[in-house]
Amino acid sequence: MYNGLVQLFDKHDLPWNNLMSILMDSCAVMRGSKSGLETRIRTNKAPHLLDIDGDSCHHAHNACKTFCKPFKSFVEGLFSDVHNDFKWSTDQREHLQDICMMIGVKYTVPQRYVPHRWLSVYDVCLDTLRMWDAYTIFYHSFVPASMQTAYMPLIKDLYRKYELSDTNRSSIKQIQTHLQQKNKTMTSDGKAHKARIVEKLCYVQKKTLLILNLYAAVLPMLKKYVMLFQAKEPLMHKLHEQQTELLKDFMSCFVKPEIISDAKSSRKLKEIDVGNSKCQLDGDSIFLGARNRKLLKEVKGDKLAVEFISQTTEAYIACARTLQKKCQSTVHCSKVSLPLTHCVPATMSH
């Protein structure tokens with residue numbers, strides 16, 4: 001790779017002085033301290049390179065994973081189960097498509113959750129929320145017969161919500177009957193697979209929705225950051241500013257505003273003890289998303305509500321600490337006096 005880059009610069013007569021920074025993954029091949037690609041370029045060709053740490057987008061993705069960790073892959077397991085359930089079943093996809101058409105929801109094949117794909121959890125979360133009512137109607141077919149009556153009000157509420165005609169209700173009943181017959185011939189593994197999905201869609205629906213709504217409300221901050229730095233044009237001159245803004249915006253979800261406002265620089269921001277309860281907003285004030293406020297009123301005082309607030313606080317603290325660590329690596333970039341937009345050719349990658 002090193003020889004290939006040198007040949008490219010030589011071929012196009014590009015001055016190494018124009019290369020101000022390199023943004024790449026943090027693996028040893030790329031950023032190893034002895035023979036990594038960046039180290040060799042800095043040593044042999046461009047000693048002036050700014051050290052802006054590893055791939056900033058990768059850091060944001062790792063922060064996302066840190067945020068999700070306290071919830072113990074609860075909804076991520078649902079994502080994988082639903083995707084795999086429809087992956088090889090043409091008739092199930094057709095039934096789901098029919099249900100979507102009847103309730104007026106755009107049908108798409110359930111997305112695959114890929115842990116190493118940047119913020120895949122956010123993309124699949126939005127897809128799941130959009131398809132939530134269709135999934136609920138579909139998987140009600142696999143609720144055990146002894147519990148069908150108890151969860152029927154859930155389905156009737158959806159019928160009223162979408163003002164379904166008697167014809168559509170009859171069609172859904174036919175689909176559910178067909179799926180119930182199919183359930184009788186499934187293997188024990190297949191039944192267990194369906195049972196896991198039914199549990200999260202029906203039995204502990206509020207818990208699932210609380211986590212999904214939280215992800216949908218909080219993760220856009222990280223998604224926006226990643227999308228910005230996936231652009232083709234060089235944006236190294238904005239890196240420090242954007243990292244500081246991301247850290248400040250994220251902290252505002254659970255840290256008292258006066259604590260943030262007192263931190264006049266990025267260095268002060270990263271020194272805030274986010275784990276100190278004196279710096280945090282109380283449970284009623286931390287940002288949970290509008291939908292979750294309504295849900296929490298329904299379970300106020302329940303073990304579910306207490307557990308969710310505790311997990312959310314833990315998630316905020318862990319993610320903020322990750323962002324604090326990564327923010328400090330680019331603090332010195334703001335001290336560069338050169339107009340960086342003119343130092344890097346517009347056609348060159350940063």
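Note that the coordinates shown come from a computational prediction; the quantities given were computed from them, not determined experimentally.

A. Looking closely at the overall build of the protein. Each helix and strand in the protein was counted, giving 19 helices and zero strands. Overall size of the protein, expressed as C-alpha extent along the three principal axes, is 70 × 50 × 35 Å. Put simply, the protein has 350 residues, and 47% of those count as buried. Put simply, 75% of the contacts in the protein that link residues at least 6 apart link residues at least 24 apart. As displayed, the protein has an accessible area near 18200 Å², and 52% of this comes from carbon and sulfur atoms. Charged side chains in the protein number 49 positive and 35 negative. The centres of these two groups are separated by 2 Å.

B. View of the nonpolar core. Judged by nonpolar contacts, the single largest core of 89 residues is most densely connected at Phe67, Tyr139, Tyr215, Leu219, Phe250, Phe254 and Phe308. When residues of this core are assigned to their parent elements, the largest contribution, 10 residues, is made by helix α18 (residues 303–328). Aside from chain neighbours lying at most four places away, what touches leucine 219 is Cys64, Phe67, Leu119, Val121, Tyr122 and Leu214. Core analysis: the next-biggest nonpolar cluster, separate from the first, contains 11 residues, Tyr2, Ile22, Ile41 and Leu49 among them.

C. Broad picture of the packing of aromatic side chains. Overall, the coordinates contain 19 aromatic pairs when judged by the stated rule. Centroid distance phenylalanine 138 to phenylalanine 142: 6.0 Å. Interplanar angle 45°. Geometry classified as tilted. Classification of phenylalanine 138 by relative accessible area gives buried; the value is 0%. Site record: aromatic cluster; members linked through ring pairs are Phe67, Phe71, Tyr215, Phe250, Phe254, Phe308 and Tyr316. Taking the ring centre of phenylalanine 142 as reference, the NZ or CZ of lysine 194 above it sits at 4.9 Å. Taking the ring centre of phenylalanine 74 as reference, the NZ or CZ of lysine 207 above it sits at 4.3 Å.

D. Broad picture of the pattern of salt bridges. Tallied over the full model, the rule gives nine salt bridges. Its salt-bridge partner being lysine 223, residue aspartate 123 comes within 3.2 Å of it at the nearest N-O pair. Separated by 100 residues along the polypeptide, aspartate 123 in helix α7 (residues 120–130) and lysine 223 in helix α13 (residues 220–228) bring together distant segments of the chain. Taking relative accessible area as the criterion, aspartate 123 reaches 28% and is therefore assigned partly exposed. Here aspartate 157 and arginine 160 are joined by a salt bridge, their closest N and O atoms 2.4 Å apart.

E. Highlighting the side chain of glutamine 176. Summarising the element assignment, glutamine 176 is placed in helix α10 (residues 166–184). Separated by 3.2 Å, the side chain of glutamine 176 and the backbone oxygen of isoleucine 137 make a polar contact. Here glutamine 176 is in contact with Ile137, His140, Ser141 and Tyr159, once residues within four sequence places are set aside.

F. Quick peek at the environment of leucine 222. As for its position among the elements, leucine 222 is in helix α13. Note on leucine 222: relative accessible area 1%, which makes it buried. Separated by 28 residues in sequence, leucine 222 and phenylalanine 250 have C-alpha atoms that sit 8.9 Å apart. The residues touching leucine 222, leaving out its near neighbours within four places in the chain, are Ala60, Ala63, Cys64, Leu119, Leu246 and Leu323.

G. Focus on the side chain of glutamine 324. With respect to the secondary-structure elements, glutamine 324 resides in helix α18. Residue classification places glutamine 324 among the buried residues on the basis of a relative accessible area of 7%. When near neighbours in sequence (up to four residues on either side) are disregarded, glutamine 324 contacts Leu247, Met251, Leu269, Lys270, Glu271, Ile272 and Val274.

H. Geometry of the packing of helix α5 (residues 74–87) against helix α11 (residues 188–203). Running from amino to carboxyl end, α5 crosses α11 at an angle of 130°, the nearest separation of the two axes being 10 Å. Comparing their axes, α11 and α5 come out oblique. Judged by the twist between their axes, the crossing of α5 over α11 is left-handed. Contacts between α5 and α11 pair Phe74, Gly77, Leu78, Asp81, Val82, Asn84 and Asp85 from the former with His193, Lys194, Arg196, Ile197 and Lys200 from the latter.

I. Focus on helix α6 (residues 90–103). With 14 residues, α6 should cover 20 Å at 1.5 Å per step; its first-to-last C-alpha distance of 20 Å lies within 8% of that length. Taken residue by residue, α6 has Gln92, His95, Leu96, Ile99, Cys100, Met102 and Ile103 as its buried positions. Taken end-on, α6 shows its buried residues confined to a sector of 165°, consistent with a single buried face. If you follow the buried residues of α6, they end up packed against α5, α8 (132–139), α10 and α11.

Definitions and limits used
Residues numbered from 1 in each chain as written. Predicted model: local features only at pLDDT ≥ 70, side-chain atom pairs only at ≥ 80, totals over all residues. Heavy atoms only, no water. Helix = DSSP H or I, 4+ residues; strand = E, 2+ residues; numbered from the N terminus. Buried < 20%, exposed > 50% of the residue type's maximum accessible area, 1.4 Å probe, protein only. Contact = heavy atoms within 4.5 Å. Areas by Shrake-Rupley, 256 points an atom, 1.4 Å probe, with all protein chains shown as cover. Lys, Arg positive; Asp, Glu negative; His and termini not counted. Charge placed at Lys NZ, Arg CZ, Asp CG, Glu CD. Core = buried A, V, L, I, M, F, W, Y, C linked by side-chain atoms within 4.5 Å. Phe/Tyr/Trp six-rings, centres within 6.5 Å; stacked < 30°, edge-to-face > 60°. Lys NZ or Arg CZ within 6 Å of the ring centre and 35° of its normal. Salt bridge = Lys/Arg side-chain N within 4 Å of Asp/Glu carboxyl O. Polar contact = N/O pair within 3.5 Å; in protein donor to acceptor, adjacent residues only side chain to side chain. Axes fitted to C-alpha atoms, helices over the stretch in contact; angles between N-to-C directions. Parallel < 35°, antiparallel > 145°, perpendicular 65-115°, else oblique. Left-handed = near helix turned anticlockwise from the far one by under 90°. Expected span 1.5 Å × (residues − 1). Arc of directions from axis to C-beta.

The quantities given are spatial measurements derived from coordinates; they are silent on function.
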